[in-house]
Amino acid sequence: MSRRAGFLAALAAAAALLAVYPSVASGYGVRAGLQLFMWIALAGSWNIISGLTGYVSFGHVAFFGAGAYAAGILVVKSGWPWLPASLAGGVAACLLALVIGYPCLRLKGPYFAIAMLGLNEVVRALVSYFEGLTGGGNGLSLPTLDAAIPVYYVMGLTAAAVVALTYFVITSRFGLRLMTIREDEVAAEAMGIDTARHKLYAFLLSAVGPGIAGGLAARDQGYIEPVSVFPLATTITMIVMVLFGGKGTVWGPVLGAVVLFVFQELVWARFIYLHQLFFGAIIIAVVLLMPRGVLGLLQIRYRLPRTI
Amino acid sequence: MNVVITPGMLGQVVISGILSGALYAMVALGLALIFGVMRVINIAHGPFLMLGAYATFVLHQALGLDPYLTLPASMLLLFALGALLQRTLVFRVVDAPELSSLLLTFGISISLVNLAQLGFTSDLRAIEYITGSWPLGPFALSKARTIAFGVALALTGAAFLVLGRTRLGKAIRATSQNRDVALACGINVQGIHLLTFGFAAALAGAGGTLLSVIVAIQPDMGQIWTFKSFLVIVLGGAGNYPGALVGGLLLGLIEQLSSLFLTAQLSEVIAYLLLVVVLLVRPTGLLGGRQV
């Protein structure tokens, strides 16, 4: 129990440090912290659907982009404040997930993965088509507003909420059912689990975080266009973060996000293609050599509980 | 959008749809074979096509070869690459959960695209080789697309002949129906996996060669083909190889018709909606059933 208390104390200290950080950090520092929170929220969300149920989402950035556009449109066209607009971005992403998830998650097998592979292109095409609402290829400019610090805090809360959600899911019966589906879906069905419904719930939960993060990122950047909010690279990055850290765990995505984000900022920002190539290699290496990721190795080595 | 649609335009669009449909069918057949035999969805299938297009581009630029004459070279190259990747990486995940094979081929796909970015830069490349069209009654047949149609149809036909009439084809079908029984019958299942993967990559490479004289070549051109090929398989019915031909023609027609009646921008959206509707209503594909 003392180990647990120590962990909680460390967690509280980290939270306190991150809370006072903006008062001492430069503008760049705040922006970097905000982006780290965003990656934690995105990676953690991808983990909820793909890490827990084993259904790979190759298009999670679509929820980020949908949230960004929903929030952007609400701010620009309806004059909403950025905070409720970002939350509405989460709702919009959830609705999109419902439309895609309902037909595709009823089936076993690769249908969902492939549907998600195409989703990004489709949402991007829709954004270009509804030019009047979205500004099309010209993008959408949000009114100028210096809100980097409030956005930092809200993004931090979003990241914390995603981690907490993951913890509660993994330690609940709901989470156990999801992991049963991942290990053997036929057996899960035979045990009386309504697999389609559980997969859909997990998918909806995994769409909310990216939707809110998208809305906040739109506010932070002040300008959104299809290329900037629907990049395939974002999906790749969140997948790499989760796989590297350890899929299906609470802290694996956080670990992966922190390590790879720092690495990315310090080393790789200058070699964009080499960076992506490296990500491809990480995915291949992790799948073949350490499917449980870094945290999985630590769990075995130090006999850590499954619920971290 | 008050354009009057004449029967002539409709006919022209149907012709374009059929012409592109054969290409879809050929590329999708490769994906269907890999899925049928190994139960692996090859996310890197589209990037294989991209590499085929670059192979043609390089051979055309460096050696001045006629783009169509590079077809065997491009197919051979992709066969070798596919076999190599199967032997070194993919065979390790054939029996693993779907998550592993999807992620592994996704990793391969990212690596191939970014290797192409490094090697060829992201500049758009074009091979200006064959332009213009042949008149056919009131319609016009784009030369490059018509040749692509003919070659794709011939290669698809040849693939069906191999599958249906040869011992190798029989072994591939047997492995795809039941691997353990195939093994018990003395079929070299590992060898069949290797050949199938190489063969499928070669079909994608052929698609790249045929496309290289039609569209601009760039490292990102491939990914959408993985999705479209899968769409073709779903339309035709997974596990049903002849279904790929029907699915390909159907996808070509749907894309062309929706760009006529709506706008070209939305043709991908329509194709996507079709995927969702088919999965809802008839998940076994329009032709249904598994008749390998």
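In short, a report on the structure.

What counts as what
- Residues numbered from 1 in each chain as written.
- Chains lettered and ligands numbered in written order.
- Predicted model: local features only at pLDDT ≥ 70, side-chain atom pairs only at ≥ 80, totals over all residues.
- Helix = DSSP H or I, 4+ residues; strand = E, 2+ residues; numbered from the N terminus.
- Rg over C-alpha atoms; globule rule 2.2 N^0.38 Å.
- Buried ≥ 20, exposed ≤ 12 C-beta atoms within 10 Å, placed from the backbone.
- Contact = placed C-beta atoms within 7 Å.
- Axes fitted to C-alpha atoms, helices over the stretch in contact; angles between N-to-C directions.
- Parallel < 35°, antiparallel > 145°, perpendicular 65-115°, else oblique.
- Left-handed = near helix turned anticlockwise from the far one by under 90°.
- Nonpolar A, V, L, I, M, F, W, Y, C, P; charged D, E, K, R; others polar.
- Pairing = 2+ DSSP bridges.
- Expected span 1.5 Å × (residues − 1).

1. Some words on the overall build of chain A
(1) Moving on: Looking only at helices and strands, chain A has 15 helices and two strands in total.
(2) Moving on: Here the C-alpha radius of gyration of chain A, 19 Å, is about what a compact globule of 308 residues would show, namely 19 Å.
(3) Moving on: Taken over the C-alpha atoms alone, chain A extends approximately 50 × 45 × 35 Å along its principal axes.
(4) Moving on: Within chain A, buried positions represent 51% of all 308 residues.
(5) Moving on: Sequence separation of at least 24 residues holds for 79% of the intrachain contacts in chain A that already meet a minimum separation of 6.

2. What about the packing of helix α2 (residues 45-63) of chain B against helix α3 (residues 71-88) of chain B?
All names here are of chain B.
(1) Moving on: Across the interface, α2 lies against α3 with an axial gap of 9 Å and an inter-helix angle of 135 degrees. The orientation of α2 relative to α3 falls into the category oblique. Here the hand of the crossing between α2 and α3 comes out right-handed. Across from Phe48, Leu51, Gly52, Ala55, Thr56 and Leu59 in α2, the residues of α3 making contact are Ala73, Ser74, Leu77, Leu78 and Gly82.
(2) Moving on: Looking at side-chain class alone, the contact of α2 with α3 contains seven nonpolar, four polar and no charged residues.

3. Notes on the pairing of strand β2 (residues 139-142) of chain B
Residues and elements named next belong to chain B.
(1) Moving on: Pairing between strand β1 (residues 133-136) and β2: four bridges, direction antiparallel. For Leu136, the partnering residue across the bridge sits in β2 and is Phe139.
(2) Moving on: From the end of β1 to the start of β2, which pair antiparallel, there are two residues, and Gly137 there has a positive phi angle of about 55 degrees.

4. Focus on the interface of chain B and chain A
(1) Moving on: The interface is formed by 34 residues belonging to chain B together with 33 residues belonging to chain A.
(2) Moving on: When residues of the side of chain B that touches chain A are traced back to their parent elements, those giving at least two are α4 (98-120), α9 (223-236) and α11 (267-281) of chain B.
(3) Moving on: A per-element tally of the side of chain B that touches chain A places α4 of chain B first, with 15 residues.

5. Description of the packing of helix α12 (residues 232-245) of chain A against helix α13 (residues 252-266) of chain A
Residue and element names in this part refer to chain A.
(1) Moving on: Contact geometry for α12 and α13: axes closest at 7 Å, N-to-C directions at 115 degrees. Every pair of crossing elements has a handedness; the one defined by α12 and α13 is right-handed. Along the contact surface, α12 presents Val240, Met241, Val242, Phe244 and Gly245, while α13 presents Gly252, Pro253, Val254, Leu255, Gly256, Ala257, Val259 and Leu260.
(2) Moving on: For the contact of α12 with α13, the per-class residue count stands at ten nonpolar, three polar and no charged.

6. Re α2 of chain B
(1) Moving on: An ideal rise of 1.5 Å per residue puts 27 Å on 19 residues; α2 of chain B measures up with 27 Å between its terminal C-alpha atoms.
(2) Moving on: Backbone geometry just downstream of α2 of chain B places Gly64 of chain B in the positive-phi region, at approximately 65 degrees.

7. Observations regarding helix α7 (residues 148-170) of chain A
(1) Moving on: Given a rise of 1.5 Å per residue, 23 residues ought to cover 33 Å, and the 33 Å separating the end C-alpha atoms of α7 of chain A matches this to within 8%.
(2) Moving on: Listed in full, the buried residues belonging to α7 of chain A are Val151, Tyr152, Val154, Met155, Gly156, Thr158, Ala159, Val162, Val163, Thr166, Val169 and Ile170 of chain A.

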